[in-house]
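Here is how the chains run, residue by residue.
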Amino acid sequence: MRWLRFAVLILFAVVLQAGTLENLNIKPDLLLVLLVFFAIYCNTAEAIITSFTIGFAADIISYPMPMGPQMVSFGLLGTLLAYLHRYFAIRKMPYQSLVIFLTTILAGALTYGFTFLRAYFSAPLRDVLTASNIYSGLFWPALYSSLIGPFLFLPSAWWMRIKVHRFSRR
Amino acid sequence: MARKKIKVSRPMLFVWFMLAGVIFLLAPYEYTKALQLRVLSIFSWPLSIGNRISLAAARNRPTADVPGCRNCELLRNHCANLEQQKQELIRQIEKLSGFRKQFPELQTANLRLAYVTRTSVSDPGSRLVIDCGQDAGLKKGQFVLAGNSIIGTISDISSGQAWVNLFTNSTSRIPVKIDGIDTAMLMQGSGDNSAVVRLLKQKVKIGTEVFADRQAGLLKIPMVIGRVTECKRNESPLLWDITVRPVCNLESLGSVHVIILN
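Residues numbered from 1 in each chain as written. Chains lettered and ligands numbered in written order. Predicted model: local features only at pLDDT ≥ 70, side-chain atom pairs only at ≥ 80, totals over all residues. Heavy atoms only, no water.

*Asks:* Please provide a residue-by-residue account of the overall build of chain B, values included.
*Replies:* Helix and strand content of chain B: four helices and 12 strands. For chain B, the proportion of its 262 residues judged to be buried stands at 40%. In chain B, 51% of the contacts between residues at least 6 apart in sequence involve partners at least 24 apart. (Helix = DSSP H or I, 4+ residues; strand = E, 2+ residues; numbered from the N terminus. Buried < 20%, exposed > 50% of the residue type's maximum accessible area, 1.4 Å probe, protein only. Contact = heavy atoms within 4.5 Å.)

Structural data, given as structure tokens:
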């Protein structure tokens, strides 16, 4: 795993996600696409590290939402996906799309669950959280991510110097 | 010496990262917020590049210090509106407190600041429309102040606005006292930015102040309403008529105070 390239890729995704894509009403979740990419194309230990790191980055740019929910949910799902990938190969693009869609929905649901749990114990946070920013877009980001995600795998693999055609179940 | 390679098992790796995530999750919001803002400020330059990339579908301009955060921008706008409201209230308080200092007798009265929205269409220059009404405790007949002088009374009222009948309006009748004369008289508007007081028994000097006389429940103390600009003989040779003009410019009024006595 080339970690410097990974850091640059994540930074680029964060810049796009928090900068350009933030201005769109309906946006794909690039970080989740990358989460699935690394869970599929890296070994399990690397997948665990990348999942939590991507979750951390997602938490940072989700201000004023609290930190932690995305790190935990991304980490859980990335790890689960990496372990599942030992038994189920996800080669074809439709399957990759489906995995991205399900992961985005599950990550969103988990994140919102953790956020509500966090807000329950924090009075200032309850003022920040509103129904509008909690429920805004769970389905559409998942759909858009699943549509464009598999097409981003190839440039990501090129940048990370990962040979996508030689992968197999680990 | 050969470098020792640290080997961490996958479950242990997962546990450590999960622990870190849980710590972030349970940490006080103030600390995690500070961390988020710090990281965002460190990476503000690359994030601002992302914001500058123009997209056809882009709608909102992102904020400066927390780039790309729409919720933040909404909160910022809300704060700006609240700040503006606060400044407006402070201005009102300053105006009213300054006004009360000038008229200690009005300490117990409620002075309601109202903004002039327009002059009445039917008779421009003689009536004003203000942005306070019954909801603000205004009633018919209450005196209206501007430029430290009485300018008229409330003539009509609705829930959200009121019409001020200027004392220069031809329908206006206000009891007044003239400086140096004890008896109260009735001043009638003449409709040409002035009012007249008729049948005075003595001649009045030009420039003499005319005061709106006290009225129970409406005005506690006499307050200046205008100044004598002309004094001429009535048809009867023993009596005088005076012309009174406002002591403030009624045509450029922005705000007024309504005296509400309890």
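*Asks:* Residues and numbers for unusual backbone geometry, please.
*Replies:* Positive phi values are uncommon outside glycine, yet Arg161 of chain A reaches one of about 55°. Residue position: Arg161 of chain A is located in the segment after helix H8 (139–160).

*Asks:* Can you break down the confidence of the model for chain B residue by residue, with the values?
*Replies:* All names here are of chain B. Across chain B, the average pLDDT comes to 79, with 82% of residues at 70 or higher. Every residue in residues 54–64 scores below 50 in pLDDT, and together they form 20 contacts with partners more than four places removed in sequence or on other chains. Taken over the whole predicted complex, pTM reads 0.51, whereas the ipTM for its chain interfaces reads 0.83. (pLDDT = per-residue confidence, 0-100.)

*Asks:* I'd love a proper account of the pattern of salt bridges, names of residues and values included.
*Replies:* Residue and element names in this part refer to chain B. Within this structure, the stated rule accounts for three salt bridges over all chains. For Asp156, the salt bridge is made with Arg127, and the minimal N-O distance between the two is 2.8 Å. You can see Asp156 sitting in strand S4 (residues 149–157) and its partner Arg127 sitting in strand S2 (residues 127–130), a full 29 residues away along the chain. In this structure, Asp241 and Arg198 form a salt bridge, with 3.8 Å as the shortest nitrogen-oxygen distance. One end of the pair, Asp241, is in strand S11 (residues 240–246); the other, Arg198, is in strand S8 (residues 195–200), and 43 residues separate them in sequence. Residue classification places Asp241 among the buried residues on the basis of a relative accessible area of 9%. (Salt bridge = Lys/Arg side-chain N within 4 Å of Asp/Glu carboxyl O.)

*Asks:* Break down the nonpolar core for me, citing the residues and quoting the values.
*Replies:* One finds Ile10, Phe37, Phe38, Ile54, Phe74 and Phe153 of chain A to be the most contacted residues of the largest nonpolar core, which totals 42 residues. Sorting the residues of this core by element identifies helix H1 (3–20), helix H2 (30–41), helix H3 (44–60), helix H4 (69–84), helix H5 (93–120) and H8 of chain A together with helix H2 (29–42) of chain B as the ones contributing at least two each. Per-element tally for this core: the top contributor is H2 of chain A, with 12 residues. Not counting residues within four places of it along the chain, the set of residues in contact with Phe37 of chain A comprises Phe153, Ser156, Ala157, Met160 and Ile162 of chain A. Ranked by size, the runner-up nonpolar core spans 31 residues in total, among them Val197, Leu219, Cys231 and Ile259 of chain B. (Core = buried A, V, L, I, M, F, W, Y, C linked by side-chain atoms within 4.5 Å.)

*Asks:* Account for the environment of Leu113 of chain B, naming residues and giving values.
*Replies:* All names here are of chain B. Tracing the sequence through the fold places Leu113 in strand S1 (residues 110–119). The sequence separation of Leu113 and Val256 amounts to 143 residues, and the corresponding C-alpha distance is 5.9 Å. Those residues within four positions of Leu113 in sequence are excluded, and the remaining contacts are Gln92, Lys95, Leu96, Cys132, Ser255, Val256 and His257.

*Asks:* Which residues make up a nonpolar patch on the surface, and what values do they have?
*Replies:* All names here are of chain B. On the surface, Val8, Met12, Val15, Trp16, Leu19 and Ile23 cluster together into a nonpolar patch covering about 590 Å² of accessible area. Here Leu19 is to be found in helix H1 (residues 10–26). Under the relative-accessibility criterion, Leu19 is labelled partly exposed at 44%. (Patch = residues over 30% accessible without salt bridge, like charges linked within 9 Å, V, L, I, M, F, W, Y side chains within 5 Å. Areas by Shrake-Rupley, 256 points an atom, 1.4 Å probe, with all protein chains shown as cover.)

*Asks:* Please set out the sheet that holds S8 of chain B residue by residue, giving values where relevant.
*Replies:* Around the barrel, six strands lie side by side as S6-S7-S8-S11-S10-S9 (chain B); this closed barrel has antiparallel pairing. Neighbour-to-neighbour, the strand axes of this sheet turn through a mean angle of 40°, independent of strand direction. (Pairing = 2+ DSSP bridges. Axes fitted to C-alpha atoms, helices over the stretch in contact; angles between N-to-C directions.)

*Asks:* Mind laying out the packing of aromatic side chains, listing which residues take part and the relevant values?
*Replies:* Two aromatic rings are characterised by how far apart their centres lie and by the angle between their planes. Enumeration over the complete set of coordinates arrives at 13 aromatic pairs over all chains. Relative to Tyr41 of chain A, the ring of Phe37 of chain A has its centre 5.1 Å away and its plane inclined at 50°; by these criteria the two rings are tilted. Placement of both Phe37 of chain A and Tyr41 of chain A in helix H2 is noted, with a separation of four residues, approximately one turn of the helix. Here Phe37 of chain A matches Tyr41 of chain A in class, with each residue buried. Each ring, one from Phe56 of chain A and one from Phe24 of chain B, has its centre 5.5 Å from the other, and the planes form 45°; the classification is tilted. Of this pair, Phe56 of chain A sits in helix H3 while Phe24 of chain B sits in helix H1, each in a different chain. An aromatic cluster is present here, built from Trp3, Phe6, Phe37, Phe38, Tyr41 and Phe153 of chain A joined pairwise through their rings. Taking NZ or CZ as reference, Arg5 of chain A lies 4.8 Å from the ring centre of Trp159 of chain A, over its face. Seen from the ring of Trp158 of chain A, Arg161 of chain A lies directly overhead, with NZ or CZ sitting 5.4 Å from the centre. (Phe/Tyr/Trp six-rings, centres within 6.5 Å; stacked < 30°, edge-to-face > 60°. Lys NZ or Arg CZ within 6 Å of the ring centre and 35° of its normal.)

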